[in-house]
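# Residue-level structural notes
So you can see what is in the structure, the chains are spelled out below.
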Amino acid sequence: MKRKKITAILAGLAAGALALSLSACGSSSGASSDSTIAAAASDTTSASADSGTAASSDGTTKVIRAVTGGSPKPYVYTDDDGNLTGFDIEVLQAIVDKLPGYELSVEQADFESLFSGLSAGTYDIAVNNLSYRPERAENYYFSYPYDAIQYDFIQRSDDTPLTSLEDASKRGYTIECGASENVTAALEDWNKNNPDYPINIVYTEADLSVRFEHIVDGAADFRIDDQPIFNSYLQDYGFDLQGTPLSDEEVAKISDSLEAYFLFPKTEDGAALRDKIDEALVEVRDDGTLKELSEKYFNADQVPDDSEYEKTVN
């Protein structure tokens, strides 16, 4: 099949990898605005005149209007030629390639606009390594998952690897976190429940590369982050850091969702497009493309378990 061209429209600069590193995966506070954004969008627009996919100028091709925050790498980023690319973008493109008569257009916007744009009908699908959260499910449809997320404890290379939050707390460790991250909420809960040995949280909006550098120079002791994101920064910057995978027990303290999904407006058109995307996603999984892209970007097979494709989460 001839590969359809992605129309990458840079509508605005993303807030940066720092805001989307773990908050893109779903935070308990930062993306708490999902519901508020959805309600506000409904109040200020009639959910757009054409909430479904838009017909192209010649009337023969339907354009699927996707929106992304543009980071973090390797999920979504801008290449040297100024084009949006990354695992998420390539997966979505491979899916759309399975849909005769459809073309993909990808627009970059700030993170909150992913949700308000879906609610307003400006976009048909949001793609940004987005995890499941109940409040999101109230306002948006979720696709089948296309990636199984993994997390690492990140420390200086000469440090003894961490095994748990308890281990970090008893060492008296400091971590730099954004206010809207999953990890931040998890650590705040930990400190509330363990006041005798809390983890020192330093709130920051510094770029993710700066946070990694602060671990190297000792301003912070560790970080918990998405493994592929860490590996990407390690490759690009050569930080003298190590990553240790979290156990299932520790991951459960951070997030109750370890998969990434595409999001759709909670409308009749959104449901119809979700069904088409899901059907094509299964094809992309079955023909090996999903595994191939996972290994290309992560050097690992992060395809979700087959059981995840039996029923959507909402």
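The structure reproduced in this document is the subject of the present report. (Residues numbered from 1 in each chain as written. Predicted model: local features only at pLDDT ≥ 70, side-chain atom pairs only at ≥ 80, totals over all residues. Heavy atoms only, no water.)

### Re the sheet that holds strand β13 (residues 223–226)
Taken together, three strands build an open sheet; the order of strands is β13-β10-β14 and the sheet is antiparallel. Of all the strands in the sheet, the pair left with one neighbour each is β13 and β14 (241–245). Across the sheet, the axes of successive neighbouring strands diverge by a mean angle of 35°, strand direction being ignored. When strand β10 (residues 151–156) meets β13, the two strands line up antiparallel, connected through four bridges. Following the sheet pairing, F153 is matched in β13 by I224. Sheet strands touched by helix α9 (residues 208–217): β10, β13 and β14. Its angle to β13, the strand with the most contacts, is close to 140°. Each of β10, β13 and β14 is contacted by helix α10 (residues 227–237), which is oriented at about 100° to β13, the strand it contacts most. (Pairing = 2+ DSSP bridges. Helix = DSSP H or I, 4+ residues; strand = E, 2+ residues; numbered from the N terminus. Axes fitted to C-alpha atoms, helices over the stretch in contact; angles between N-to-C directions. Contact = heavy atoms within 4.5 Å.)

### Digging into the packing of aromatic side chains
All told, the structure shown has 18 aromatic pairs when counted by the stated rule. Ring geometry for F153 against F222: centres 6.5 Å apart, planes inclined by 55°, an arrangement best described as tilted. Within this pair, whereas F153 is found in strand β10, its partner F222 is found in the loop between α9 and β13, the two being separated by 69 residues in sequence. Through pairs of rings, three or more aromatic residues link up here, namely Y75, F87, Y146, F262, Y297 and F298. The ring of Y197 carries the charged tip of K170 above its face, separated from the ring centre by 5.5 Å. (Phe/Tyr/Trp six-rings, centres within 6.5 Å; stacked < 30°, edge-to-face > 60°. Lys NZ or Arg CZ within 6 Å of the ring centre and 35° of its normal.)

### A look at the pairing of strand β15 (residues 259–265)
Among the seven residues that make up β15, seven are buried, leaving the element largely enclosed by the rest of the structure. Note: strand β8 (residues 140–142) against β15, three bridges, orientation antiparallel. Residue pairing for β15: F142 is matched across the bridge by L263. The pairing of strand β9 (residues 147–148) with β15 spans two bridges and is classified as antiparallel. What sits directly across from D147, in β15, is A260. (Buried < 20%, exposed > 50% of the residue type's maximum accessible area, 1.4 Å probe, protein only.)

### Quick look at the side chain of T85
Position of T85 relative to the elements: it lies in strand β5 (residues 84–85). By relative accessible area, T85 is classed as buried at 14%. Those residues in contact with T85, other than ones at most four positions away along the chain, are Y75, V76, Y77, D79, E90 and Y297.

### Here we look at unusual backbone geometry
The linkage connecting S71 with the following residue, P72, adopts the cis geometry, with an omega of 10°. Structurally, P72 is set in the loop between β3 (62–68) and β4 (77–78). A cis amide bond links K73 to the next residue, P74, at an omega of 10°. Following the sequence through the fold, P74 ends up in the loop between β3 and β4. Its identity is not glycine, yet N129 carries a phi of approximately 50°, on the positive side. The residue N299 is not glycine, and still its phi comes out positive at about 55°. Relative to the helices and strands, N299 is located in the segment after α13 (289–298). Judged by its relative accessible area of 72%, N299 falls in the exposed class.

### Notes on the side chain of Q302
Tracing the sequence through the fold places Q302 in the segment after α13. By relative accessible area, Q302 is classed as buried at 2%. Within the local environment of Q302, its side chain forms a polar contact with the side chain of D147, the two groups lying 2.9 Å apart. Separated by 3.3 Å, the side chains of Q302 and Q150 make a polar contact. When near neighbours in sequence (up to four residues on either side) are disregarded, Q302 contacts D147, A148, Q150, P228 and S294. (Polar contact = N/O pair within 3.5 Å; in protein donor to acceptor, adjacent residues only side chain to side chain.)

### Details of the pattern of salt bridges
Under the definition given, this model contains 14 salt bridges. The shortest N-O distance in the salt bridge between R285 and D286 comes to 2.8 Å. (Salt bridge = Lys/Arg side-chain N within 4 Å of Asp/Glu carboxyl O.)

### Describing the packing of helix α4 (residues 87–96) against helix α12 (residues 268–286)
Contact pair α4 / α12: the axes reach a minimum separation of 8 Å and the direction vectors enclose 105°. One finds that α4 runs roughly perpendicular with respect to α12. Along its contact with α4, which presents L92, A94 and I95, the element α12 presents I277, A280, L281 and V284. Of the residues in the contact of α4 with α12, the class split is seven nonpolar, no polar and no charged. (Parallel < 35°, antiparallel > 145°, perpendicular 65-115°, else oblique. Nonpolar A, V, L, I, M, F, W, Y, C, P; charged D, E, K, R; others polar.)

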